[in-house]
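Residues per chain are reported as follows:
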Amino acid sequence: MTKARTNASASPAVGRNMVINGAMNVAQRATSATGVGATSNVFPTLDRYAILLGAGAGRLTMTQTADGPNGISANCLKLDCTTADTSIAAGEYLGIWHKFEGQNVQRIGKGVAGAKQVTVSFYVKANAAATYLVELEDADNGRTNGKLFPVTTDWVRQELVFEADVDDGSSPLDDDNATSLVLAWYLHGGSNFTSGTLASGWANTVNANRLVGIDSFFDSTDNTLFITGVQMEVGPVATEFEQEDISTTLAKCQRYFIRTGGEATYERFAVGANESATRASGLFFYPTTMRAVPSLTTSGTTQVFAGGALTSTTATSIANASTKVASIIFDVSSGLTTGQGAILLSVNDIDTRVLYDAEL
C-alpha cells in the first residue's frame, strides 16, 4: 500500500481502467440514502455501486461526499454505520458490489491459457483501524479470489494484485452483456463466510473461505468508511489513477441507469400525442445505448399538457422499448382528445423523476 498521492497526473494509456465511476463523480439516484441495509442488492446513491447485505440488523447511511484525496477526486463514497449489529448471525454479510459485463472484461483472458494478472487499486480511509477484504468473483464459473486490506484514519492507496486464473484452460468469461465478474468490498460477515481458510489465490467458491479475517463494519455506530479512486487494470502494476472527463463517465453510467427530471419544475419528459381520452404517449430517445431494455419507474407527480390544459396522471409505464428508444405511457382518468398533441411533464415539483433501469 502507498500513501495517497497529492499531485497525481493522468497516464497516457486511456481506457485501461475497467471500473466505471471510479472517481465517485456520478450519483444519478441520490447523493445520500439512509437506512441502507433493509433491502439487499440496491443502488442507493453512486452509480455502479450496489449494497449487498445478507439478513442482519445493521444499517448504514451511504453518501457521495466531497472529501476525496487531493489530486485524485473531490468525491468519495462514504458509509456511516447508524445501527450496530454485534450479534452476527451465520448468514450475515455486507458488501459493496461493482459488476462487469462479460464483454467488458475479455482483456483479462480469464479461465484460459494466456490469462492475465489483474491489479485493483483504490484510496480508502476510516474512522479507526480495521481489516476488510476485496474479492473478485467469477460469476460465470463459480470461482473467487479474496485479498485482505487494512484501513487507517489517513487516505491510503491500496494496490492488490490478483493472480492470473487459467483454471482448467476452458472456462472463459462469457462474452455477453450479463454479469461475468464482480469486484466487491466485504465489510462484515457471519460464520457461514468466515469459518474456513482464506484461499491464497483463485479457487472454486466455498462460502466458508470467502471472508476469513475481516472485521465488522457494524460493530459500532462510530464506524465510517471512505473509498474513491477505484481502478482495475490488466497487469501486476497499479498505474496512476486514470482521470476521466465527466461526460464520458456519465455516458458509461447511463448504459445502466438514466434519470430524467429532478432538475427543474415542469420538466419535459417526452413530446407525443393523446392515444385516447385516458392515455397519452411520447417517445424518449436514451442519451446512449442501454445495456438491455430498461424498466421504468417514477417518483413524484407527472402530468399531461394537451389542448391548453394540464391533467395529472394516474399511472405511467413503458411500451415498445428497445435499448435505444422507448414510448412512455401516461394514463389519466379522463378528458384527453384523441390525436391531439401532448407534452408529458412533471408538476411544479423539482423532485419528480422518470427513471430507466437496465442494471446488472
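Draft legend 1. Up close: the overall build of the protein. Along its length, the protein carries two helices and 23 strands. Projected onto the principal axes, the alpha-carbon positions of the protein cover approximately 70 × 45 × 45 Å. The buried share of the protein, reckoned over its 360 residues, is 49%. Counting contacts in the protein only where the partners sit at least 6 residues apart, residues at least 24 apart contribute 77% of the total.

Draft legend 2. Examining the nonpolar core more closely. Counting 45 residues, the largest nonpolar core has Tyr49, Phe122, Trp185, Phe217 and Met232 as the members making the most contacts within it. Ranked by residues supplied to this core, first place goes to strand E7 (residues 118-126) with five residues. Apart from the residues within four sequence positions on either side, Trp185 is in contact with Tyr49, Leu94, Gly95, Ile96, Phe122, Leu133, Val134, Phe149, Ile227 and Val230. Of all hydrophobic cores here, the second largest spans 20 residues; its members include Phe269, Met290, Ala306 and Ala358.

Draft legend 3. Geometry of the pairing of strand E3 (residues 50-54). Extensive coverage of E3 is indicated by the burial of five of its five residues. Relative to strand E6 (residues 93-101), E3 runs antiparallel, the two being bridged by five bridges. Bridging from a neighbouring strand, Gly54 pairs with Tyr93 of E6.

Draft legend 4. Structural view of the sheet that holds strand E14 (residues 257-261). The strand order across the open sheet built from three strands is E14-E23-E17, with neighbouring strands paired in antiparallel fashion. Since the sheet does not close on itself, it has two edges, and those belong to E14 and strand E17 (295-299), each with one partner. In this sheet, neighbouring strand axes are inclined to one another by 15° on average, regardless of whether the strands run parallel or antiparallel. Alignment of E14 against strand E23 (residues 353-357), held across five bridges, turns out to be antiparallel. Paired with Ile258 across the strands is Tyr356, a residue of E23.

Draft legend 5. Layout of the packing of aromatic side chains. By the definition in use, this model includes ten aromatic pairs. Plain terms: the ring middles of Phe122 and Phe149 are 5.1 Å apart, the flat faces sit at 80° to each other, and that makes the pair edge-to-face. Here Phe122 is found in strand E7, whereas its partner Phe149 is found in strand E9 (residues 143-151), with 27 residues between them in sequence. What makes Phe149 buried here is its relative accessible area of 1%. Ring geometry for Phe284 and Tyr356: centres 4.8 Å apart, planes at 15°, overall stacked. Linking Phe284 in strand E16 (residues 279-285) with Tyr356 in strand E23, this pair joins segments that are 72 residues apart in sequence. Aromatic ring contacts, followed pair by pair, group Tyr49, Phe122, Tyr132, Phe149 and Trp185 into a single cluster. Over the aromatic face of Phe257 sits the side chain of Arg29, whose NZ or CZ is 3.8 Å from the ring centroid. Against the face of Phe226 rests Lys125, its NZ or CZ located 5.0 Å from the ring centre.

Draft legend 6. Here's a closer look at the environment of Thr316. Summarising the element assignment, Thr316 is placed in strand E20 (residues 315-319). What makes Thr316 partly exposed here is its relative accessible area of 22%. When the C-alpha positions of Thr316 and Val206 are compared, they lie 44 Å apart, and in sequence the two are 110 residues distant. Ignoring sequence-local partners within four residues, the contact set of Thr316 consists of Leu296, Thr298, Thr302, Ile329 and Phe330. Polar contacts involving the side chain of Thr316 include one to the side chain of Thr298, which spans 3.4 Å.

About the criteria used
Residues numbered from 1 in each chain as written. Predicted model: local features only at pLDDT ≥ 70, side-chain atom pairs only at ≥ 80, totals over all residues. Heavy atoms only, no water. Helix = DSSP H or I, 4+ residues; strand = E, 2+ residues; numbered from the N terminus. Buried < 20%, exposed > 50% of the residue type's maximum accessible area, 1.4 Å probe, protein only. Contact = heavy atoms within 4.5 Å. Core = buried A, V, L, I, M, F, W, Y, C linked by side-chain atoms within 4.5 Å. Pairing = 2+ DSSP bridges. Axes fitted to C-alpha atoms, helices over the stretch in contact; angles between N-to-C directions. Phe/Tyr/Trp six-rings, centres within 6.5 Å; stacked < 30°, edge-to-face > 60°. Lys NZ or Arg CZ within 6 Å of the ring centre and 35° of its normal. Polar contact = N/O pair within 3.5 Å; in protein donor to acceptor, adjacent residues only side chain to side chain.

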